[in-house]
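Each chain is listed here by its residues.
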Amino acid sequence: MKLDDLILVSVDDHAIEPRGAFDRHMPARFKGREPKVVQSKGRDVWVFEGRATGYMGLNSVVGRPKDEYGMEPLGYDHMRRGTWDIKARVDDMNANGVLGSICFPTFPGFAGQRFQQYKEARDVSFAAIQAYNDWHLHDWCNAAQGRFIPLSLIPWWDGELAAQEIRRMAKLGVHAISLSDNPALHGFPSIHSDHWDPVWKACADNDVVICCHIGTGVKAEHASDLTPIDAWITSMPLSIANSAADWIWAPMWKKYPNLRMALSEGSIGWIPYLLERADFTYRHHHEWTNTDFGGGKPSDVFRQHIITCFIEDEFGLRNLADIGEDKVTWECDYPHSDCTWPGSPEIFHAQTRHLTDVQIDKIGHLNAMREFSYDPFSILGRENCTVGALRAQAKHVSVEPMLGMGGAKPVRVAGKPVTSGDINKMFADADAETAL
């Protein structure tokens, strides 16, 4: 397949919520309590219920030269405009030849974790969740018809209330939610608990995918303060493998056989061994552990119900048969430091050359379109959705590195690797400086 003929849909990107995102969507009774951006010592800080976030950019370094990636954006001026402005985002998607995008939140946490923390203010927290969902759908996704796959948040503390919100958003065309890969680590019931049954049922009944982004539950650990930060970055996608095993053995698949979930930003190269190990475990241990897959295998559950994605993964693509080509999707991860903007098509094309055109179309866009109920062709016309057609609309967009955008940065010593300790100290210092 020629590079310009590719069609790419990214199932994992991120939006930086713009100033005022919540203002018009919060109900009147909570006016004045909506999340808002304030200036603290010259920095932009999101505040909700009197609590401030230390960082607002969360590694949104797209467009910088790579030697400035260690600088953490602390304000809108430190980020490329496409991170928070919808028109500029579409321009950047066009420049990168990307048709469609799922955008995870930033200020609320990738799964809305921040809104789950306020036990004393559940009513305003739920209002903020709904306000975020309305902003994300109406002001972000619907501002560019056919270009985005909307993703909603839910309240974790009440399964019935969460199901109600899933149904509300599904009626508006939203077929994906973001949830922690392990809510129990945040003090909420395990995914093995019947607390979540209303959520699973609402998702199954309304064709909604549960998206679990890396870092929302099980996290990559820093080995030590002296360990180069590269080690932690290396292990980030692998950290979700533990959660994948937990979901394979979870009970919801028997109850709701058409339910699906996605391991967002989890990559794919590690999957063949996980599935081999899962089947080995079942074969050797199920007689005493009392697990039952009804004549099937754990790997069957994975391949039937779990959607995976990759940015760059040559090994995984060489072993596609052992993963399941019908559930593999692609991601860009704009605007984070792992993203391949503005050269995503070139990298995807090089890594998929050994695949058939049918396989390339599946993992490039068809799997994502099917799994997430996304049909851009009916809106835009297929001929306008290719890499070549999109880039033709973006000749005015500069993709040259933007120098000196600013932000917090770790102290660097010539000849010494930046360590986990350096990064943790940078975050701690910035948190202290932005505290209200």
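Residues numbered from 1 in each chain as written. Predicted model: local features only at pLDDT ≥ 70, side-chain atom pairs only at ≥ 80, totals over all residues. Heavy atoms only, no water.

Caption draft 1: Summary view of the packing of helix α3 (residues 159-171) against helix α4 (residues 197-205). Taken N-terminus to C-terminus, the directions of α3 and α4 make an angle of 15 degrees; their axes are 7 Å apart at the nearest point. Between α3 and α4, the angle is such that the two are roughly parallel. By crossing handedness, the relation of α3 to α4 is classed as right-handed. Only Pro198, Val199, Ala202 and Cys203 of α4 make contact with α3, whose side of the interface consists of Gly159, Glu160, Ala162, Ala163, Ile166 and Arg167. (Axes fitted to C-alpha atoms, helices over the stretch in contact; angles between N-to-C directions. Helix = DSSP H or I, 4+ residues; strand = E, 2+ residues; numbered from the N terminus. Parallel < 35°, antiparallel > 145°, perpendicular 65-115°, else oblique. Left-handed = near helix turned anticlockwise from the far one by under 90°. Contact = heavy atoms within 4.5 Å.)

Caption draft 2: Expanded view of helix α2 (residues 122-140). Between its first and last C-alpha atoms α2 spans 25 Å; for 19 residues at 1.5 Å apiece the expected length is 27 Å, and the two agree. The element α2 is largely enclosed, with a buried count of 14 among its 19 residues. (Expected span 1.5 Å × (residues − 1). Buried < 20%, exposed > 50% of the residue type's maximum accessible area, 1.4 Å probe, protein only.)

Caption draft 3: Looking closely at the confidence of the model for the protein. Residues at a pLDDT of 70 or more form 98% of the protein, whose mean pLDDT is 96. Looking at the elements of the protein, mean pLDDT is at its lowest for helix α15 (residues 420-434), recorded as 79, and at its highest for strand β6 (residues 176-178), recorded as 99. (pLDDT = per-residue confidence, 0-100.)

Caption draft 4: Spatial organisation of the sheet that holds strand β2 (residues 36-40). A sheet is described by the order of its strands in space; here three strands give the open sequence β2-β3-β4, paired in antiparallel fashion. The open sheet has two edge strands with one neighbour each: β2 and β4 (51-52). Examined bridge by bridge, β2 and strand β3 (residues 43-48) share five bridges and lie antiparallel to one another. The residue of β3 that forms the bridge with lysine 36 is valine 47. (Pairing = 2+ DSSP bridges.)

Caption draft 5: Up close: the pattern of salt bridges. On inspection of all chains with the given rule, the structure shows 19 salt bridges. A salt bridge links aspartate 207 to arginine 260, with the shortest nitrogen-to-oxygen separation between them at 2.3 Å. With a gap of 53 residues between them, aspartate 207 in the loop between α4 and β7 (209-213) and arginine 260 in strand β8 (residues 260-264) connect regions that are remote in the sequence. Overall, aspartate 207 belongs to the partly exposed group, its relative accessible area being 33%. Relative accessible area serves as the criterion here: at 10%, arginine 260 is assigned to the buried category. (Salt bridge = Lys/Arg side-chain N within 4 Å of Asp/Glu carboxyl O.)

Caption draft 6: Region of the structure containing the packing of aromatic side chains. Throughout the structure, instances matching the rule amount to 21 aromatic pairs. Between tryptophan 140 and phenylalanine 148 the ring centres are 5.9 Å apart and the planes differ by 55 degrees, which places this aromatic pair in the tilted class. By relative accessible area, phenylalanine 148 is classed as buried at 6%. Relative to phenylalanine 293, the ring of tyrosine 282 lies with its centre 5.1 Å away and its plane at 80 degrees, an arrangement referred to as edge-to-face. Of this pair, tyrosine 282 sits in helix α8 (residues 271-289) while phenylalanine 293 is found in the loop between α8 and α9 (298-305), placing the two residues 11 residues apart along the sequence. Phenylalanine 293 shares its class with tyrosine 282; the two are buried. (Phe/Tyr/Trp six-rings, centres within 6.5 Å; stacked < 30°, edge-to-face > 60°.)

Caption draft 7: Quick peek at the nonpolar core. With 98 residues, the main nonpolar core has Trp200, Ile210 and Trp247 as its most contacted residues. Broken down by element, this core gets its largest block of residues, nine residues, from α2. Other than its neighbours up to four places away in sequence, tryptophan 200 contacts Leu179, Ile191, Ile210, Trp247, Met252, Tyr256 and Leu259. (Core = buried A, V, L, I, M, F, W, Y, C linked by side-chain atoms within 4.5 Å.)

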